[in-house]
Amino acid sequence: MKLVKLLANLGYGSRKQVQGMFRAGLITDAEGEVLYADDAVAHEAIRVEGEPLDPPQGLTLLLHKPRGYTCSTKDKGRLIYDLLPPRYRDRAPVLSSVGRLDRDTSGMLLMTDDGALLHRIVSPKSRLDKAYEVTLAEDLRGDETARFASGTLLLESDDKPLLPAELHVNGPRQAQLVLHEGRYHQARRMFAAVGNHVEALHRSRIGGLSLGGLPEGEWRRLDAADLETLFNVP
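Definitions and limits used
- Residues numbered from 1 in each chain as written.
- Predicted model: local features only at pLDDT ≥ 70, side-chain atom pairs only at ≥ 80, totals over all residues.
- Heavy atoms only, no water.
- Phe/Tyr/Trp six-rings, centres within 6.5 Å; stacked < 30°, edge-to-face > 60°.
- Helix = DSSP H or I, 4+ residues; strand = E, 2+ residues; numbered from the N terminus.
- Buried < 20%, exposed > 50% of the residue type's maximum accessible area, 1.4 Å probe, protein only.
- Lys NZ or Arg CZ within 6 Å of the ring centre and 35° of its normal.
- Pairing = 2+ DSSP bridges.
- Core = buried A, V, L, I, M, F, W, Y, C linked by side-chain atoms within 4.5 Å.
- Contact = heavy atoms within 4.5 Å.
- Salt bridge = Lys/Arg side-chain N within 4 Å of Asp/Glu carboxyl O.

With that settled, consider the packing of aromatic side chains. Aromatic rings in a pair are described by how distant their centres are and how their planes are angled relative to each other. For the structure on display, the rule yields two aromatic pairs. Look at Phe-148 and Phe-191: their rings are 5.2 Å apart centre to centre, the planes differ by 85 degrees, and that puts the pair in the edge-to-face class. You can see Phe-148 sitting in helix H4 (residues 144–149) and its partner Phe-191 sitting in helix H5 (residues 186–193), a full 43 residues away along the chain. Each member of the pair, Phe-148 as well as Phe-191, is classed as buried. Here Arg-91 stacks its cationic end above the ring of Tyr-88, 5.9 Å away from the centre of that ring.

This is how it looks when you write it as structure tokens:
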């Protein structure tokens, strides 16, 4: 791939803007030698204003999403892309969230520009469950664990019962909910179906991968070992 197209696809600017960066001597090799648009250089040897070039296609991130941010590129207000380097929003192929967390839900969000990986993660065949830490407006009644595990709970406007889900009670209004499917606002709607209201919702785990100690609002790139951990489910 030509260097101008490569840098444009990585979000460093339009092709015209990237050509200007070459003319200004901002693109060099690892030794600081100025590169030209028609040079043939290994990806890992390219520097932009002295910094290593962003990873090529196949970038996958784990983001600790705070409340108040929307999983969108166009909505008004704060967006998850505001938490990333600005050029990540302009990568091609697009860096997409793997599923969504609503604006008022915090926690673990995966993002990737690898379409095959995205579909593998969201496919039911991968059996990747998702764990949520829940804070409720009212005390639990005591029958919620059995109802969620029954496989018979039907949400309003749905015509198919939910798959069994695990509820681990941590306190009168605190619980962990483990889901094996991903319906629209599922966790919130499940508690509404049993007469309660979710005040705070936080996703702590997907498959075998958790947030660990990643601070809120921060992100990290995932490597092959992380992806192996993600899909390492019993």
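That was the structure; now back to the text.
Here we come to the sheet that holds strand E3 (residues 51–52). Taken in spatial order, the three strands make up an open sheet running E1-E2-E3, and their pairing is antiparallel. Only two strands of the sheet have a single partner each, and these edge strands are strand E1 (27–29) and E3. For E1 and strand E2 (residues 46–48), the ladder comprises three bridges, and the chain directions are antiparallel. Bridge assignment links Thr-28 to a residue of E2, and that residue is Arg-47.

Another point: the nonpolar core. Core analysis: the biggest nonpolar cluster contains 33 residues, and Ile-80, Met-111, Val-134, Phe-148, Leu-177, Met-190 and Phe-191 have the highest contact counts within it. Of all the secondary structure elements, the ones that give two or more residues to this core are strand E4 (60–65), strand E6 (105–112), strand E7 (130–136), strand E9 (174–179), H5 and strand E10 (198–206). Residues contacting Phe-191, with those up to four places away along its chain left out, are Val-134, Leu-136, Leu-140, Phe-148, Leu-167, Leu-177, Asn-196 and Val-198.

Right, let's get into unusual backbone geometry. The amide bond that connects Ala-92 to the next residue, Pro-93, takes the cis arrangement and shows omega of 5 degrees. In this fold, Pro-93 is placed in the loop between E4 and strand E5 (96–97). In the Ramachandran plot, Ser-157 falls in the positive-phi region, its phi being about 80 degrees despite a non-glycine side chain. Within the element layout of this structure, Ser-157 appears in the loop between H4 and strand E8 (166–171). With a phi angle near 50 degrees, His-185 is a residue other than glycine that sits in the positive phi range. On the secondary structure map, His-185 appears in the loop between E9 and H5. Residue classification places His-185 among the partly exposed residues on the basis of a relative accessible area of 32%.

Along the polypeptide, Arg-120 turns up in helix H3 (residues 115–122). On a C-alpha basis, the gap between Arg-120 and Phe-231 in space is 9.6 Å, while along the polypeptide they are 111 residues apart. Not counting chain neighbours up to four residues away, the residues in contact with Arg-120 comprise Ser-126 and Phe-231.

The next point concerns the environment of Pro-52. One can find Pro-52 in strand E3. Along the sequence, Pro-52 and Thr-28 sit 24 residues apart, while their C-alpha atoms lie 9.7 Å from each other. If we skip the residues at most four places from it in the chain, Pro-52 touches Tyr-12, Ile-46 and Arg-47.

Counted according to the given criterion, the structure contains twelve salt bridges. Here Arg-103 and Asp-104 are joined by a salt bridge, their closest N and O atoms 3.8 Å apart. Judged by its relative accessible area of 47%, Arg-103 falls in the partly exposed class. Among the residues examined, Asp-104 registers a relative accessible area of 31% and is labelled partly exposed. For Arg-189, the salt bridge identified is with Asp-158, shortest N-O distance 3.1 Å. Taken together, the positions of Arg-189 in helix H5 and Asp-158 in the loop between H4 and E8 put the pair 31 residues apart, joining distant regions of the chain. Via salt bridges that share partners, Asp-158, Glu-181, Arg-183 and Arg-189 belong to a single interconnected network.

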